[in-house]
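# Geometric and topological summary
If you want the building blocks of each chain, they are given just below.
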Amino acid sequence: MTSTPLLDASGVAKNYGAVAALRNASLSVLPGEVHALMGANGAGKSTLVKILTGAVPASAGRILIRGEARDVRSPAAARRAGLLPVYQEPSLIPDLDVLSNLRLTGTPVEPFRAWVRELGIPDLDIRDTARDIPLAVLRVLDLARALAVEPDVLLLDEMTAALPANLAEKVLEVVRRQGDSGRAVIFISHRFVEISALCDRATVLRDGETVGVVDIVPGVEEKIVELMLGARIVKTHVAARGANQAAATAASRPRLGVRNLRFGTKLNDVSFDLADGEVAGVVALEGQGQDELFAALAGSIRPSAGAIEVDGQPVKFTHPIDAIRAGLAYVPGDRAEALAMQRSVRENIALPFSAALRNWGPINMRRERAKVVSAIERLRIDTRAQGEVQRLSGGNQQKVTIARWIAADARTILCFDPTRGIDVGTKQEIYKLLRELAGNGKSVLFYTSELEEVQRVCDRVIVIFGGRVVDIFPVEEADEPALMRAAYGLPRGAKADIGILADPHSSSPETSDSPGTTP
Amino acid sequence: MSTTAIQSVPLGRRLKRFMADRPLIPLIILLVILVVILQILRPGIVNERWIANTIKFAIPLAILAGCQTMTMLTGGIDLSVGTVATMSAFIMATQVVNQDPAVAFLLAMMPAVLIGLVNGIGVGVFRVHPLIMTLGTSLIGTGCLQVYQRTVIASGAKIPDFLAWLGTGLTYGVPNALLLFVPLAALIVFTLSRTGFGRLLYAVGDNEHATRLSGVRYWQVISALYVISSVLAGITGLLYIGLIKAPSLSLAEPLVLPSVAAAVIGGTSIFGGRGGYTGTIIGALILTVLTTLLTILQMPEGARRILFGLIVLFVTAAYLRIVEER
Ligand SMILES: Nc1ncnc2c1ncn2[C@@H]1O[C@H](COP(=O)(O)OP(=O)(O)O)[C@@H](O)[C@H]1O
Ligand SMILES: [Mg+2]
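Small disclaimer: the values here were computed from a predicted structure and weren't measured. (Residues numbered from 1 in each chain as written. Chains lettered and ligands numbered in written order. Predicted model: local features only at pLDDT ≥ 70, side-chain atom pairs only at ≥ 80, totals over all residues. Heavy atoms only, no water.)

Contacts between the two partners involve 34 residues from chain B, matched on the other side by 48 residues from chain A. Overall, the association of chain B and chain A removes approximately 3400 Å² of surface from exposure, summing both partners, and the carbon and sulfur fraction of that is 53%. Taking the shortest distance from any N to any O, the salt bridge between A:D322 and B:R217 comes out at 3.7 Å. Those elements giving two or more residues to the side of chain B that touches chain A turn out to be β1 (4-5), α8 (177-194), α9 (196-206), α10 (208-213) and α11 (218-244) of chain B. Counting residues per element, the side of chain B that touches chain A draws most heavily on α9(B), which supplies 7 residues. (Contact = heavy atoms within 4.5 Å. Buried area = accessible area lost by both parts, 1.4 Å probe. Salt bridge = Lys/Arg side-chain N within 4 Å of Asp/Glu carboxyl O. Helix = DSSP H or I, 4+ residues; strand = E, 2+ residues; numbered from the N terminus.)

Spelled out as structure tokens, the structure:
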């Protein structure tokens, strides 16, 4: 390994007011390498990507591109130097159609289209306004836009986090090919399966500092986790599920009943029950109607047919407030949807308190504070930058969206992919919280795009495919291959080889051209 | 080899951060600078009487700017405040000739409530852009007022003593208008920071979708907001007629754009979610002092306006640079 690094950054620091997002980060990427950038939430990964691609200026540091010092002051300059990012948040301008967005960045249209198809979206209309495109597809479009200009270094910030398994697989394939053709990819992900399938080396950040660079070899996960968390201990396995009994006793009258729910062409006949004290998982590939199911339960859309029952009583929701009054709280997958970004942590958590007309009067500040503080403590939200929620790291923002409903003491929580793009530590905390809630007799409906979470958190799994419930598993049978098959609409028991994610237990995937381990 | 290396935090940046944390300070400094310039240009002008006078004229502007502040927090604007103030003033002055003052007051406030309600429903329910909606009702209101003027042309007009006392009177050298303004301002500040409604104004302006998911009904907040804004404008009209003492069909119209400017100078973002009323009050004072300053320069009206506009632009841009951290 004597070739000059394509990109070599060292001593990078960045301060936001009093918050040091990066202290002393370094990162060196060789040609032909897929390089993982790992770290807990708030470690500074996104900040580093933004600095390398000129989106924010560094406070200190040295950046070499192909051995030459380059001052990358703007995304355009980074682009000229061959560095293209896909940031953690979608970057198409919502009010423009895809084509105008492409023109804006001078992206050639034909290669873009080819990449979009390659990435598993055959039917994109580039005249669609970005606002109307689902989040997962937007992420893929961002990637295609970067690929279309053939970057030397591609920087992917949690690219696969919001993607369903089928799209994520395509992305992994494309990333691997980038590496094979002598280009480099910086790949941020919290999923070890992907890292081990794809990456040659990993740089680990902790609290804004590079704490290690490791080769990806079988069993390196433990080491990485150790580095990421420092002294902190992780492997707290989720508390044993004691809720099954509770669920059994309450089964006579379910907390939430969904009967033959339909919505347009997206939701065709969904029925299931959710008991008090239960966490029910929902598993589905992208766009199988799970969004609509949650939106209907949250009162955001009105189902075209079927019924929703709460405590045995049929309900009709015309506005989210109706669902909230029935004790159903919805935590959307996209944090930006749920948070007033310029407002404080406190105001965001307390938002539902003021919603109803009768609560528009003076706020009892002491009582509010007590509730907010107890929710903050329960979720262990890092409040260093609490003046504006937008300054928190993604994981802490996600915690705020959940804390709101803990403070409001909602009886049923509808969590839509709450652990997307969150570090291992925070994920564990959220799993634990959901189990605790169930232990206290609350119920949770939990959609997840990460199949391995199902066995950690859920009592039962509801699998949706093509807008229908195709299977309901007890958790004991819900191992990843079984779930994956069910999610693809295959009958239980049938065997089929479905790409690298189907078998997460082998550390190197079966795919033949995998770089797998470094020499 | 070093490409980006910035060492210790220079004084300028530290100062900037200090100001960013306390956005009122640069505004107060600007206000003081303006007063000092005035004193230098006309030594002795800044005395007790001048201060009382400035406050008297700043108050109506500050209340209207309060309307703008609250609507701007939600990402809106209320351009109908001028018309509403004019209507209530004009109706008061003409009705009080033949009616009991209390009845005249109620009649005067009716168009305010009505226009506020129409604005609120238009913006909150039918989602008309606030700029268009309030401009529309403002034009309609002006039209109605012209029709109304013909019907009362014979009866004449009169300024109720109480309003004259409130608008122009001084007690121990302190403007009586403060009796109205201080509680009102305190109420607005309290509402914005310590009530559920105030919280919702900020939250709705920041992320309407998030408030919806939290159970907020947008139309309720917006309707209440525009009614409140209009009622405040109506009250301002009554105060203003006591100050100006000459009812006309365009009485408060010249205050509309300055009221927007005062809120913006005071640090309220027209995109919503950011700002507050204390800044707005200082903004209104700054604009009032600026007007005096330009008046004593004895420039032609046109030049004065050009200069006024340029200064407002410059101040706002500079202020945003200071306060917004990059
Ligand atoms: N614009 C900002 N203002 C203030 N603090 C910020 C800002 N952006 C990020 N931070 C802080 O910097 C730290 C690192 O954030 P980030 O780079 O997003 O972490 P990661 O991507 O590793 O989760 C966090 O503590 C976050 O709160
Ligand atoms: Mg990040």
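Okay, the coordination of the magnesium ion (ligand 2) next. All names here are of chain A. Of the protein atoms, only S46 (OG) and Q88 (OE1) coordinate the magnesium ion (ligand 2), at distances of 2.0 to 2.2 Å. Taken as a pair, S46 in helix α1 (residues 45-52) and Q88 in the loop between β6 (83-86) and α3 (98-104) lie far apart in primary sequence, 42 residues in all. A residue is classified by how much of its surface remains accessible, and S46, at 18% relative accessible area, is buried. (Donors = N, O, S within 2.8 Å, 3.2 Å for Na, K, Ca; no water. Buried < 20%, exposed > 50% of the residue type's maximum accessible area, 1.4 Å probe, protein only.)

Residues and elements named next belong to chain A. Taken together, 13 residues lie near ligand 1, and G42, K45, S46, T47 and R391 sit nearest. A distance of 2.8 Å is found between an oxygen atom of ligand 1 and a backbone nitrogen or oxygen belonging to K45. Contacts to ligand 1 include T47, whose side-chain N or O atom sits 2.5 Å from an oxygen atom. Coverage of ligand 1 by the protein amounts to 85% of the 560 Å² it exposes when considered alone. No other element matches α1, which puts 3 residues into the shell around ligand 1. A per-class count over the shell around ligand 1 returns 5 nonpolar, 6 polar and 2 charged. (Near = heavy atom within 4 Å. Polar contact = N/O pair within 3.5 Å; in protein donor to acceptor, adjacent residues only side chain to side chain. Areas by Shrake-Rupley, 256 points an atom, 1.4 Å probe, with all protein chains shown as cover. Nonpolar A, V, L, I, M, F, W, Y, C, P; charged D, E, K, R; others polar.)

Residues and elements named next belong to chain A. Here strand β11 (residues 256-263) pairs with strand β14 (residues 305-310) via 5 bridges, running antiparallel. Each bridged residue has a counterpart across the sheet, and for R259 the counterpart in β14 is A307. Where β14 meets strand β15 (residues 313-315), 3 bridges bridge the pair, whose relative direction is antiparallel. Counterpart to V310 in the pairing with β15 is Q313. (Pairing = 2+ DSSP bridges.)

A common way to state how big an interface is: give the accessible area lost once the parts meet. Once the domains are mapped, chain A shows domain 1 (7-216), domain 2 (231-327 + 411-519) and domain 3 (347-409). Taking only C-alpha atoms into account, the centre of domain 1 of chain A sits 32 Å from that of domain 3 of chain A. (Domains from an automatic or database assignment.)

Now for the environment of A:V56. All names here are of chain A. Structurally, the position occupied by V56 is in the loop between α1 and β4 (60-65). Classification of V56 by relative accessible area gives buried; the value is 16%. Between the alpha carbons of V56 and A356 there is a distance of 40 Å; along the sequence they are 300 residues apart. Contacts of V56, omitting those with residues within four sequence positions, involve Y16, T47, K50 and I51.

What follows deals with the confidence of the model for chain A. Residues and elements named next belong to chain A. On average, residues of chain A carry a pLDDT of 87, and 90% of them reach 70 or more. Ranking the elements of chain A by mean pLDDT puts helix α9 (residues 243-250) last, at 46, and strand β16 (residues 328-331) first, at 97. Within the model, pLDDT remains below 50 along residues 242-250, and this stretch shows 9 contacts once partners closer than five positions in the same chain are excluded. In the predicted structure, residues 494-519 sits below a pLDDT of 50 and forms 46 contacts with residues beyond four places in sequence or in another chain. (pLDDT = per-residue confidence, 0-100.)

Size it by volume and the second largest pocket reaches roughly 1700 Å³. Secondary structure elements with two or more residues in the lining of the second largest pocket: α5 (135-147), α6 (165-180), α10 (290-297) and α12 (335-338) of chain A together with α10 of chain B. For the lining of the second largest pocket, the class distribution of residues is 25 nonpolar, 10 polar and 14 charged. When residues of the lining of the second largest pocket are assigned to domains, at least three fall in each of domain 1 (7-216) and domain 2 (231-327 + 411-519) of chain A. (1 Å grid on protein atoms, 1.4 Å probe; cavity = no way out; pocket = protein on both sides within 12 Å on 5 of 7 lines; lining within 4 Å. Points joined across faces, edges and corners; volume = space filled by probe spheres on them.)

This next bit is on helix α12 (residues 256-265) of chain B. Residues and elements named next belong to chain B. Among the 10 residues in α12, 9 count as buried, and that is most of the element. For α12, the full list of buried residues reads V256, P258, S259, V260, A261, A262, A263, V264 and I265. G267 sits one or two positions beyond α12 and adopts a positive phi of about 100 degrees.

Bringing the sheet that holds β16(A) into the picture now. All names here are of chain A. Across the sheet, which stays open at both edges, the 6 strands sit in the order β16-β17-β18-β13-β19-β20 with mixed pairing between neighbours. In this open sheet, the two edge strands, each paired with only one partner strand, are β16 and β20 (468-474). For this sheet, the mean angle separating the axes of adjacent strands, direction not counted, is 20 degrees. Bridge analysis of strand β17 (residues 412-416) against strand β18 (residues 443-447) gives 5 bridges, and the strand direction is parallel. In the sheet register, L414 faces β18, and the bridge partner there is L445. (Axes fitted to C-alpha atoms, helices over the stretch in contact; angles between N-to-C directions.)

Once that is clear, we can look at the environment of A:L490. Mapped onto the fold, A:L490 is located in the segment after α18 (480-487). C-alpha of A:L490 to C-alpha of A:F465: the two residues are 25 residues apart in sequence and 9.6 Å apart in space.

Time to look at empty space enclosed by the protein. All names here are of chain A. Inspection of the entire model under this criterion finds 6 cavities of 30 Å³ or more. Counted as a void, the largest cavity has a volume near 80 Å³. Around the largest cavity sit P164, A165, V283, A284, L285, Y447, T448, S449, L451, M484 and A487, which together line it. Counted by class, the lining of the largest cavity contains 9 nonpolar, 2 polar and no charged residues.

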